[in-house]
Amino acid sequence: MVERANSRMKGAEQIDKELEAAYSLKDQLESELTKQETMSERVVVRKDLRKCNQKIREMTDWKDDLKKIRKGLEKISHHP
């Protein structure tokens with residue numbers, strides 16, 4: 001059970017790294033959006049920005065799920 005918890009902790013750390021990268025990409029895309037001159041160029045950037053925001057939502061949900069699992073495991077391991 002401890003191995004599972006450690007594995008999940010590593011998963012949470014990986015999600016943190018990916019979230020950091022995703023937020024950085026989001027900032028870059030938002031900056032790029034303001035630099036695009038034509039509507040067709042903006043459409044492409046907005047599409048990428050939507051994908052990035054979706055990925056951030058998914059990773060945030062996964063992280064929340066991992067926290068719930070960790071709390072559940074802690075209750076089980078501390079319960080006599």
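The preceding data block contains the structure.
Fair warning: this is a prediction, and the values are worked out from it, not measured in the lab.

K.L.:
With reference to specific residues and values, describe the overall build of the protein.
P.N.:
Scanning the protein from N- to C-terminus turns up two helices and zero strands. For the protein, with 80 residues in total, the buried portion stands at 18%. In the protein, of all internal contacts separated by at least 6 residues, the share reaching a separation of at least 24 is 67%. Of the accessible surface of the protein, which amounts to about 6,500 Å², a share of 53% is contributed by carbon and sulfur atoms.

K.L.:
How would you explain the nonpolar core if you had to name every residue and give the values?
P.N.:
Core analysis: the largest hydrophobic core is formed by twelve residues, namely Ala12, Ile15, Leu19, Ala22, Leu29, Leu33, Val45, Leu49, Cys52, Ile56, Met59 and Leu66. Counting residues per element, the ones that place at least two in this core are helix H1 (2-35) and helix H2 (39-78). In this structure, alanine 12 is in contact with Leu66 and Arg70, ignoring residues within four places of it in sequence.

K.L.:
How would you explain the environment of leucine 66 if you had to name every residue and give the values?
P.N.:
In this fold, leucine 66 is placed in helix H2. With a relative accessible area of 16%, leucine 66 lands in the buried category. Here the alpha-carbon distance between leucine 66 and glycine 11, two residues 55 residues apart in the chain, equals 8.3 Å.

K.L.:
A description of a positive patch on the surface should follow, citing residues and the corresponding values.
P.N.:
On the surface, Arg46, Lys47, Arg50 and Lys51 cluster together to form a positively charged patch. Its location among the elements puts lysine 51 in helix H2. By relative accessible area, which is 52% here, lysine 51 ends up exposed.

Analysis parameters
Residues numbered from 1 in each chain as written. Predicted model: local features only at pLDDT ≥ 70, side-chain atom pairs only at ≥ 80, totals over all residues. Heavy atoms only, no water. Helix = DSSP H or I, 4+ residues; strand = E, 2+ residues; numbered from the N terminus. Buried < 20%, exposed > 50% of the residue type's maximum accessible area, 1.4 Å probe, protein only. Contact = heavy atoms within 4.5 Å. Areas by Shrake-Rupley, 256 points an atom, 1.4 Å probe, with all protein chains shown as cover. Core = buried A, V, L, I, M, F, W, Y, C linked by side-chain atoms within 4.5 Å. Patch = residues over 30% accessible without salt bridge, like charges linked within 9 Å, V, L, I, M, F, W, Y side chains within 5 Å. Salt bridge = Lys/Arg side-chain N within 4 Å of Asp/Glu carboxyl O. Lys, Arg positive; Asp, Glu negative; His and termini not counted. Charge placed at Lys NZ, Arg CZ, Asp CG, Glu CD.

What is shown is where atoms sit, not what they do.
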